[in-house]
Amino acid sequence: MDRSIDVDNLHDKSYAQLSFEGPMDMNKNDKKVTKTLVTNGCGDYEGKIADKRTTGGWKASPFIIVNEVAERLAFFAVAVSMVAYLVFEMHQSLPDAATHVNDWIGAAYVLTLLGAFLADAYFGRFLTIIIFSCIYFVGMILLTLSASIDSLRPPLCTARPCIPATKGQTAFLYGALYLIALGTGGIKPCVSTFGADQFDESDKKESQKKYVFFNWFFFAINMGALLGITLLVFVQQEKGWTWGFAVPTAAMFASIVILVAGFTKYRYQKPMGSAFTRFVQVIVVSIRNHFRGVVLAHESELYEIKTKESDIFGARQLPHTKQYRFLDKAAVVTDPEIITKNKWRLCTVTQVEEFKSFIRILPIWASTIALSISFAQLSTFFLTQANIMDRKIAPNFTIPAGSVPVFTALNGLILVPVYEKFIVPYLRSKTGHQRGITSLQRIGVGLFVSVFGLMSAALVERMRRENSNPTSLSIFWLFPQFFLVGTAEVFSYVGQLEFFYDEATDGTRSISSALFLSEIGIGSWLSSAIVKIVESATGGVEEGWLRNNLNKSKLDYFYWILTGINAVNFLVYLVIAWRYKGRNGERGTVRDESIVFELADSNDTGEFRGMAS
């Protein structure tokens, strides 16, 4: 019997089921081979159903993790230096520079929605990562040129007011930055999801390793950040801006090479078409049927194709849920004699449930955006504080201002292994949950800690401002706010990775990941908006709370505003998370992993009929 089945023609579990339920004369070798094939629809580089013995898992994940280290090294090296570059090299005011950096970071993360769309609809995750990595690399080259060619920057400032950058100089720099933002937008929603694709959810051992991967993926982000804000900031300080940007440019090139090196080890998920188009179809058909007077009397009236897989390429069928029943009208069969294949006239249950799964996570997404406002301060005002404080830790060594976020990165590097090795087993023994606490609870811990991080920032800034010699205050006074915001990020980021991946369906994994990442961008934009509002409401850059001279500013008032926003947001999140019903129908939690494993085990007996994942 030929086992070289092309992944284009068969979908995930349907192949395994056909194998188990097939002819009685199937030999034992065929059965043994079948059990080593993945059941999540992924193929290998030759287009065949991926074999667990040669692809995926921790055979493939190290390439993805090291790639993430290199890419994040490049991004953070630019992010932590850009405010200083805009102020000292492009002669912008401090509030304007902070706003522009926030806008740039915001664009990078909001553009993840574009990257996810292209990955799901056309290119697949691996090819999307490669294409946008090349765009990113071009942006880094242009940024390096901006720092190395004198005509691309205004002349050195010898007297106030400084000569501002020309429109052409500014346009060249912004062109480079927004190519980097576009590259980031294409890469970020695909990398973590591509890594998770390397683990088969219906395999108990691999499913557990997937959650370990998420923790180590976050570890990789922090390792890249640590190298970017220490080694590369040191290079920039000692060797100048040209070297400061040239080295991360080389790191970005290395990230592409590293990812390509694992080509034969990966499991590839085929593009499934545009999820956004399918969403619009559900909305249009349900509204049309509503105005036609269609009423759903019984679930048996709902349309689904008669195969084990769905009609969404590469996606498994989804069971019907009772939430958002209005949308069920899109799948009501109004005439049993005429079953149309036109999706603008009749949708399947799976297509409706896919849209339900997407809108179900929107309240959680909206209630965690405020946390990203806190993170935006790490690369703007937190660094501005550090720049005018005493950064000497030895007679001959001063910590570069751009390296101060090392407190946050080290926190992530230390806390992730400790959490995985000690905290998870302890919590598991108390709660009985496989991950110790649910992903929603983990996000909640992050939101709670962020309130104290901003409170610490406000108190320290007030102490610094009221000190008779503010610049004499040690940089280590900033450690609590960096540590607490970093702790909030460890809990919330990994919790969100888990939540948005688990609650997504086969056809919306990249979109769901992009939705999570987009809130980081929206948080940066909101931070910029709050800065502008505070600046205009309190007297501008000369008289207001946020001035060019931080010693005359009232940055602590700004931090108190953010503290209040995060405190209110935390209470709102508690209500939304408590009321949340996942696809398993349970309130305040997401999928019960024990059920997943029972279903996966039943696959060996040919009883498994598909699972929303």
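Residues numbered from 1 in each chain as written. Predicted model: local features only at pLDDT ≥ 70, side-chain atom pairs only at ≥ 80, totals over all residues. Heavy atoms only, no water.

Participant: Sorry, what's going on with the packing of aromatic side chains here?
Facilitator: For any pair of aromatic rings, the description rests on two quantities: the centre-to-centre distance and the angle between the ring planes. Applying the stated rule across the entire model yields 38 aromatic pairs. Relative to W241, the ring of Y85 has its centre 5.0 Å away and its plane inclined at 75 degrees; by these criteria the two rings are edge-to-face. With Y85 in helix 3 (residues 57-88) and W241 in helix 10 (residues 241-261), this residue pair connects regions lying 156 residues apart in the sequence. Since its relative accessible area comes to 0%, Y85 is described here as buried. Through a chain of ring-to-ring contacts, the aromatic side chains of Y45, F63, F126, F194, F263, Y266 and Y268 assemble into a single cluster. Taking NZ or CZ as reference, R72 lies 4.3 Å from the ring centre of F75, over its face. (Phe/Tyr/Trp six-rings, centres within 6.5 Å; stacked < 30°, edge-to-face > 60°. Helix = DSSP H or I, 4+ residues; strand = E, 2+ residues; numbered from the N terminus. Buried < 20%, exposed > 50% of the residue type's maximum accessible area, 1.4 Å probe, protein only. Lys NZ or Arg CZ within 6 Å of the ring centre and 35° of its normal.)

Participant: What is the right way to read a positive patch on the surface from this model?
Facilitator: Together, K59, K205, K209 and K265 make up a positively charged patch on the protein surface. Among the structural elements, K265 can be located in the loop between helix 10 and helix 11 (275-291). (Patch = residues over 30% accessible without salt bridge, like charges linked within 9 Å, V, L, I, M, F, W, Y side chains within 5 Å. Areas by Shrake-Rupley, 256 points an atom, 1.4 Å probe, with all protein chains shown as cover. Salt bridge = Lys/Arg side-chain N within 4 Å of Asp/Glu carboxyl O. Lys, Arg positive; Asp, Glu negative; His and termini not counted. Charge placed at Lys NZ, Arg CZ, Asp CG, Glu CD.)

Participant: How should the nonpolar core be read in this particular structure?
Facilitator: One recurring pattern in soluble globular proteins: nonpolar side chains tend to sit buried together. Ranked by size, the top nonpolar core spans 146 residues in total, and within it M82, W104, L143, F558 and Y559 carry the most contacts. Discounting chain neighbours no more than four positions away, the residues touching W104 are F75, V78, A79, L177, Y178, I180 and A181. In terms of nonpolar packing, the next biggest core, distinct from the first, is built from five residues, L37, V38, C42 and I49 among them. (Core = buried A, V, L, I, M, F, W, Y, C linked by side-chain atoms within 4.5 Å. Contact = heavy atoms within 4.5 Å.)

Participant: Is there a simple way to explain a nonpolar patch on the surface in this structure?
Facilitator: A contiguous nonpolar surface patch, about 370 Å² in accessible area, is contributed by Y122, F123, L127 and I131. Listing elements by their share of the nonpolar patch, those giving two or more residues are helix 5 (112-123) and helix 6 (125-148). Here Y122 lies in helix 5. Among the residues examined, Y122 registers a relative accessible area of 54% and is labelled exposed.

Participant: Honestly, the confidence of the model for the protein in this entry has me stumped. Any pointers?
Facilitator: Caution applies to low-pLDDT parts of the model: their predicted coordinates are not meant to be read in detail. Averaged over every residue, the pLDDT of the protein is 79; residues scoring 70 or more account for 87%. Within the model, the stretch residues 1-26 combines pLDDT values under 50 with 62 contacts to residues more than four positions away or in other chains. Taken as a whole, residues 588-613 scores under 50 in pLDDT and shows 67 contacts with residues more than four places along the chain or in a different chain. (pLDDT = per-residue confidence, 0-100.)

Participant: Please explain the environment of E420 as it appears in this structure.
Facilitator: Topologically, E420 is positioned in helix 16 (residues 406-431). Once the C-alpha coordinates of E420 and W216 are considered, the two residues, 204 residues apart in sequence, prove to be 9.4 Å apart. Apart from the residues lying within four places of it in its own chain, the contact partners of E420 are V212, N215, P425 and R435.

Participant: When you look at helix 19 (residues 509-538) in this model, what are you seeing that I'm missing?
Facilitator: Taking 1.5 Å of rise per residue, the 30 residues of helix 19 would be expected to cover 44 Å, and the 44 Å separating its terminal C-alpha atoms lies within 8% of that figure. Of all 30 residues that make up helix 19, 21 are buried, and the element is covered over most of its length. Phi turns positive, to about 120 degrees, at G539, one or two residues after helix 19. (Expected span 1.5 Å × (residues − 1).)

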